[in-house]
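Given next are the chains, with one letter for each unit.
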Amino acid sequence: PSPANAAAMPHDHAATEVKAAVPAPKLQAALRQLWHGHVVQTRAYAMAVHAHRDADAKRAADGVVANAKQIADAVAGFYGPAAGQRMLQLLAGHWGAVKALTDAHDDAARQKAMNELTANAGEIAKFLAGANPYLPENAVLGLLMAHGGHHAAQIQQIMAGDTKAEAETWKQMQAHMDTIADALAGAIARQFPAKAA
């Protein structure tokens, strides 16, 4: 093993922990930035919708899509163009559900959007677990369900004008993006030790 790997070996059991030190700090930082970009744009969209600022809402929606393409490109860098394309489709489904939840004007529309968000989380978890043996499907699904819950709470708080509660949700949401990014970075680094930096 390389000196870097040898140094990590005594702590190898820690790699199974989601919050363990990630052996690929550049990848970790890149994924954290990408997943933060997702919630920054979805939050901006909800705030613009609440304020009836159509141009800002369109700009934020375009930002969500651009960010999804960047995440898909990151996936493609390790798993190939077909996997990147599939990731983009799955992220489009996630955004479609979040957007529908934001735009919903009644309980039926909200419930439909939540059902779509939940089904999509299952699809993403299955895809990632299938691509990487270090990403157990149930663990990924748990992370994504918590993420969907944050979206739902934040949207409800923004629409209700509850800035205090939303500020707390926003703090939790950002921390959770790091958790998701770190889990992915750690698993990718274990699967591609020569490629992940």
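Just so you know, these numbers come straight off a predicted model, no measurement behind them.

### Observations concerning the packing of aromatic side chains
Counted by the stated rule, this structure contains three aromatic pairs. Measuring from ring centre to ring centre gives 5.3 Å for Tyr79 and Phe192, while their planes differ by 75 degrees; the resulting arrangement is edge-to-face. Taken together, the positions of Tyr79 in helix α3 (residues 54–79) and Phe192 in the segment after α7 (163–191) put the pair 113 residues apart, joining distant regions of the chain. For Tyr79, a relative accessible area of 24% puts it in the partly exposed group. Following the ring pairs from residue to residue traces out a cluster consisting of Phe78, Tyr79 and Phe192.

### Observations concerning helix α2 (residues 25–50)
Spanning 26 residues, α2 covers 37 Å between terminal C-alpha atoms, matching the ideal 38 Å at 1.5 Å per step. Among the residues trailing α2, His52 stands out with phi positive, at a value near 55 degrees.

### Describing the environment of Ala72
The residue Ala72 is located in helix α3 in this model. C-alpha of Ala72 to C-alpha of Arg86: the two residues are 14 residues apart in sequence and 8.0 Å apart in space. Discounting residues that sit within four places of it in the chain, Ala72 has contacts with Gly84, Met87, Leu88 and Leu91.

### Thoughts on the confidence of the model for the protein chain
Averaged over all residues, the pLDDT of the protein chain is 90; the fraction at 70 or higher stands at 89%. Every residue in residues 1–20 scores below 50 in pLDDT, and together they form nine contacts with partners more than four places removed in sequence or on other chains.

### Some words on unusual backbone geometry
One non-glycine residue, His52, lies in positive phi territory at about 55 degrees. Checked against the element boundaries, His52 lands in the loop between α2 and α3. Relative accessible area serves as the criterion here: at 69%, His52 is assigned to the exposed category.

Calculation notes
Residues numbered from 1 in each chain as written. Predicted model: local features only at pLDDT ≥ 70, side-chain atom pairs only at ≥ 80, totals over all residues. Heavy atoms only, no water. Phe/Tyr/Trp six-rings, centres within 6.5 Å; stacked < 30°, edge-to-face > 60°. Helix = DSSP H or I, 4+ residues; strand = E, 2+ residues; numbered from the N terminus. Buried < 20%, exposed > 50% of the residue type's maximum accessible area, 1.4 Å probe, protein only. Expected span 1.5 Å × (residues − 1). Contact = heavy atoms within 4.5 Å. pLDDT = per-residue confidence, 0-100.

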